[in-house]
Each structure stands twice: as C-alpha cells, then as structure tokens.
Amino acid sequence: MVGSSAEPSDWSVERKGAEWVADEERRGKPRALFWPWAGTSCNVVLVSFGPYVTALGLDWHVAALAAAVGAVLSFLLLGLVSLAGQQGGAATMVAGRAAFGFHGNKIPALLSYLALVGWETFSAVLATLAARTVAHRLDPDMDTAPLMVVTLVTVIVVTTVIGIYGCHVILRIQKWFALAFTALSVVYVVLTLPRISFATHGQVSVGAFVGGVMLVANTLGLSWVNCAADYTRYLPRAAGKRALVGWITFGGTAPALVLMGLGTVLAAGDPDIAATAATDPISALSAHLPTWFLVPYLILALVGFVSGSIIGLYSSGLALQTLGVRISRHYTVLIDAALIAAAGGYVAFAAPGFFAPFQAFLTTTGVVMAAWTGIFVVDLWQRRRVGYDRTALYSPVGGYGKVNRVGVGCLIVATIAGLGLVTSPDPHVGPLLGYLFTPAARAGGLGSSNLGVFVALVLASVGYAALHRVSPLAQASATERVEDREPEPDRVPV
C-alpha cells in the first residue's frame, strides 16, 4: 500500500496535509492505485450514462464505443497528471504552482475546490434520493423524510471519518468498497438481463459520437483529474511510470466500461429509460427490480456514492490548504463536510429539481478542468528531466514567481473559447454558454456534443507548449539548493 507521513500502521491518521512528501516517507507499488480509481467508477449511476449516450442518436454498439473511448482517454489523462505526485512529492494543486505561479494558481485551486465540493454534494444528494426511491417502492405511504435525513447524515459521517484518516486508509477501504460493489453488481446484472436488447438501427453520427466521448470523459476522469497526484505523492520515485499510468487507467476504466455497456443495451431494450434516467437515474435503474433486491440495491448505490465522495473530500481539503487556509488537514475535511451537509440538505429537501443546474455545473467546470489539464500535463512534460523545485512550490518569492502569466493567460483564453462551444438545458446558465455556435449548430447535434471541452484541452495545451519554456540550468540549480538544505515539512508555508 502507499504509505503516509505517519507510519506506525496503515490505520493511523495521516498527519501530513499539503506539505511535501520526502523520499523516506514513500513506499508501495503502482498496482495499489488500481483500487481508488476503480472505486470512483463503481457507481450504479454509470449505468445511466449508457442511455445518455444513446440518447444522442447512436446505436448501442456505437454508443458503447464512444463511452469506452471517453473513459479510456479521460483516465489516461488522469494517470499522466498522477505522475506529478510521484515526481514532485506534492499534492496536485500544489504542483500546479509551477505552471501558474504561487498566487496565480489560486484561480484553478479555487475552481477545483468548488468542483470537488459540488461532486461530493451530488453524491450525497443521490444517495438520499436513492433511499427515498427504495422506501416508496417498499411502502408508498411511508414518510420518507426521516430515512432521507438518516441516509444523508450516514453518508456524510462515513465519508468524513475515512477522509480524516487520510490517504493510506482510503486506499485500503476503496478496495473493500470495489469488491462489495462487484458482488452486488453481479446480481443486479442478472436481474437486468431480460430487459436488454442488441437490436441496431444503423445510425452513425460523427457529431453524436464525439458528443458521447466528451460527455463520458467530462463525467469520469476529467472530473477527478484535479485529485490525481494526491494519491501518488507517497509512491517511491523508482516506481515504474508506465505501470503507474497503466494501473490507474485500468482501474478507472474497467468498471465504467461494464456499467456503461450494460446501460447502452438496456436503453436499446427499453427506449424510455433514457428519458427517465435524465431526471431520476436511481428510480429508472431500479424500476424492474424485485422487492427482495431493493435493500441490496440501496446498499449498492450507497457504496458507490460513498466511494466517489471519499476521493473528492480528501482532495478538496488539500485544495483548501493550497488556497492558503492555515489549518490542519483533518479540519479542512470537517469544513467540507459541513458545506456538503448544508448544500446537500437544501438540494435534497428544498430543491429536488437539481439535475439541469448540476449538468450546467458539470459542463462549465469540465471546460475549466480540461484547460487546466492541458496546461498541467504540458508543464509536467517540460519538467520531466528537471523535476520540481520544492522551495519554489511553497514560496511566492521562489523560482515559479507569484503569477505565471503564460499559464494563467492560456487558462483564461482556453476557458472562454471552450464555454462558447458547450450548451446547457439550464434556463439560467444555458443562455450564457454556446456563444460561438451558429443558431443551427447550437440546436443540432454539435451543440450537445460538449465540443468545448475538447477545444479547451487542445487550445490550452498548444498555447502553453508554444509560449512557455523551462530553464534546465536555473531549475537544476534551484533543485540542488533544495537538496542541500531542505526545510522541515511542518514548517513549509502553505
């Protein structure tokens, strides 16, 4: 297993926050990273992604291919970003200071924090709605409010406790979650088999295919890419880089391909499921289940929601520290938990029609994260021989400066271009997006293709690669100074 800063056992509370991880604190092998990312894809909601993609006008086999391409590409990007943790020993958003500058990095760090808290809230709300759905099936006259409260509190408490324990415990728990989810999923698949169909209608659309790829990529790997290095910073430098990227990509992709593939053939057998899943995926995916499996189905859903929420909660705490909040990591977890409880409680009980606003949230943050990913990966590549300057990562007067104008400028330009090429059904956010589309393109398949995510990724990557250069001699000198006199981890300013 990947280690922690405090090594009495893998069950001790991680004391390190966003500080640098020294070489002597590192241990483990790349295969340990299979489980946390497999856990993020072990979510029954991913079955509904199949109908989402087929709803773009694709046959099930083309939709399944689009979903597979989106999953693999997104988790491959996540794996590449993960190399920064192994190479630099720093959390993801801390390593981002090399590309954006110490203070310039606060822009993507803040957006990352908001995106992670949004995802955690989404998971908590869906878990609460899952409990309501199951309760209504068991007893239509039941007052579901108490059960919903208990479910919301349970999800938040379990997630918070595991998040406080930290990285080493998360890696171990995620393995158990993934195995439990797999066992329950086998039963779910068997019960769903009579509803699937392999009928095709010969519909192939390049625009719809690209839209399916972008939809899946935006919701899977790209939504977690800002967490990637947080789970590899404890890995030894000598660990194989190809193995690291491979295990992460395999872990995140394998469960997703099975679940989304099931969703595509399920949509072929029941075309109405796509419309239902768009507003209530938990209810749509459980309508055919027998009564005796409803409680196991609820457990299946809860395991998936908690598993994904844990990853985000841990990383959002590190992002908060990166923004300059000077409190211990376990206190940042408590702050995030309070935000999730407040936002999740409001959405679940006072504003249940949140899917359109949340889709708009995913689209806009997806564009920003795509642009950030392009810049981060190019910067990481440019530093592949010189590494990161530890002192500069933790000081505004270090070698990375206060603001890297190239990084921040490319992020802003790519984001503006990307937001102009995405659309949203939300009546409040939708009119602000898609301003680069013609009316015909906006109303057609191109408008729903999430093209802006791809454009933001490419534009940011190309722009940063063309305009930014790393000075090997200056960086090497800085690294040598760090190796000669490294500050104590607990005294490094965050």
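About the thresholds
Along every chain, residues carry numbers that run from 1 in the direction the sequence is written. For this predicted model, a pLDDT threshold of at least 70 governs which residues receive local features, and a threshold of 80 or more governs which side-chain atom pairs are given and counted, while totals over whole chains, interfaces and linings are taken from all residues. Note: side-chain values were computed over all heavy atoms of the structure, leaving out hydrogens and water. The term salt bridge refers to a pairing of a side-chain nitrogen on Lys or Arg with a carboxyl oxygen on Asp or Glu at a separation within 4 Å. Categorising residues by exposure relies on relative accessible area from a 1.4 Å probe, with only protein chains included: less than 20% of the type maximum marks a residue as buried, more than 50% marks it as exposed, and the intermediate range marks it as partly exposed. Axes, fitted as lines to C-alpha atoms, cover a helix only where it is in contact. Angles between the N-to-C directions of the axes lie from 0 to 180 degrees. Working definition: helices are DSSP H or I runs of at least four residues, strands are E runs of at least two. Numbering for both runs from the N terminus. Angular relationships are summarised with four words: roughly parallel below 35 degrees, roughly antiparallel beyond 145, roughly perpendicular across 65 to 115, and oblique for the angles in between. We call a crossing left-handed when the near helix sits turned anticlockwise from the far one by less than a right angle, and right-handed when that turn is clockwise. By definition, residues are in contact when any of their heavy atoms lie within 4.5 Å. Polar contact is the term for a pair of N or O atoms within 3.5 Å; when the atoms are in protein, one must be able to donate a hydrogen and the other to accept it, and sequence-neighboring residues count only if both atoms are side-chain atoms. Think of it this way: a Phe, Tyr or Trp ring, Trp meaning its six-membered ring, pairs with another when their centres are within 6.5 Å, and the plane angle makes it stacked under 30 degrees, edge-to-face over 60, tilted otherwise. Note on terminology: a nonpolar core comprises buried Ala, Val, Leu, Ile, Met, Phe, Trp, Tyr and Cys residues joined through side-chain atoms within 4.5 Å.

Caption draft 1: Layout of the pattern of salt bridges. One pass over the full model with this rule turns up six salt bridges. As a salt-bridge pair, Arg 383 and Asp 379 come within 2.8 Å of each other at their nearest N and O atoms. Each of the two residues, Arg 383 as well as Asp 379, counts as buried. Where salt bridges share partners, they join Glu 14, Arg 233 and Arg 329 into one cluster.

Caption draft 2: Structural view of the packing of helix H7 (residues 145–165) against helix H15 (residues 329–349). For the pair H7 and H15, interaxial distance at closest approach is 10 Å and the crossing angle is 160°. When the axes of H7 and H15 are compared, the pair comes out roughly antiparallel. Note that H7 runs across H15; the crossing there is right-handed. Listed contacts from H15 to Ala 145, Met 148, Val 149, Leu 152, Ile 156, Thr 160, Gly 163, Ile 164 and Tyr 165 of H7 are Arg 329, His 330, Val 333, Leu 334, Ala 337, Ile 340, Ala 341, Gly 344, Gly 345, Ala 348 and Phe 349.

Caption draft 3: Here's a closer look at the environment of Arg 26. As for its placement among the helices and strands, Arg 26 is situated in the segment before helix H1 (34–41). Arg 26 sits 60 residues away from Gln 86 along the chain, and the two C-alpha atoms are 9.2 Å apart. Look past the residues within four positions of Arg 26 in its chain and what remains in contact with it is Val 21, Gly 85, Gln 86, Gly 88, Gly 89, Arg 233, Tyr 234, Leu 235, Pro 236 and Arg 237. A polar contact of 3.3 Å, which involves the side chain of Arg 26, links it to the backbone oxygen of Leu 235.

Caption draft 4: A look at the environment of Ser 48. Its place among the elements puts Ser 48 in helix H2 (residues 46–54). A relative accessible area of 0% places Ser 48 in the buried class. Between the alpha carbons of Ser 48 and Asp 280 there is a distance of 9.6 Å; along the sequence they are 232 residues apart. Dropping the residues within four chain positions of it, Ser 48 is found in contact with Ala 277, Pro 281 and Leu 285.

Caption draft 5: Main features of the packing of aromatic side chains. With the rule as written, the count across this model stands at 12 aromatic pairs. Pairing Trp 247 with Phe 250 gives two aromatic rings, centres 6.3 Å apart and planes at 55°, and the pair type is tilted. A residue pair is termed a helical-turn pair when its members lie 3 or 4 positions apart in one helix, as Trp 247 and Phe 250 do in helix H11 (residues 241–269) at three residues. Residue classification places Trp 247 among the partly exposed positions, given a relative accessible area of 33%. Given a relative accessible area of 48%, Phe 250 falls into the partly exposed group.

Caption draft 6: Summary view of H1. Across the eight residues that make up H1, a large majority, seven, are buried. Among all positions in H1, only Phe 34, Pro 36, Trp 37, Ala 38, Gly 39, Thr 40 and Ser 41 are buried. Packing partners of the buried residues in H1 comprise H2, helix H3 (60–88), helix H8 (167–192), helix H10 (221–224), H11 and helix H14 (294–322).

Caption draft 7: Local environment of the nonpolar core. Core analysis: the biggest nonpolar cluster contains 132 residues, and Trp 37, Tyr 231 and Tyr 297 have the highest contact counts within it. In this structure, Ala 124, Ile 156, Leu 313 and Ile 340 belong to the second largest nonpolar core, which totals seven residues.

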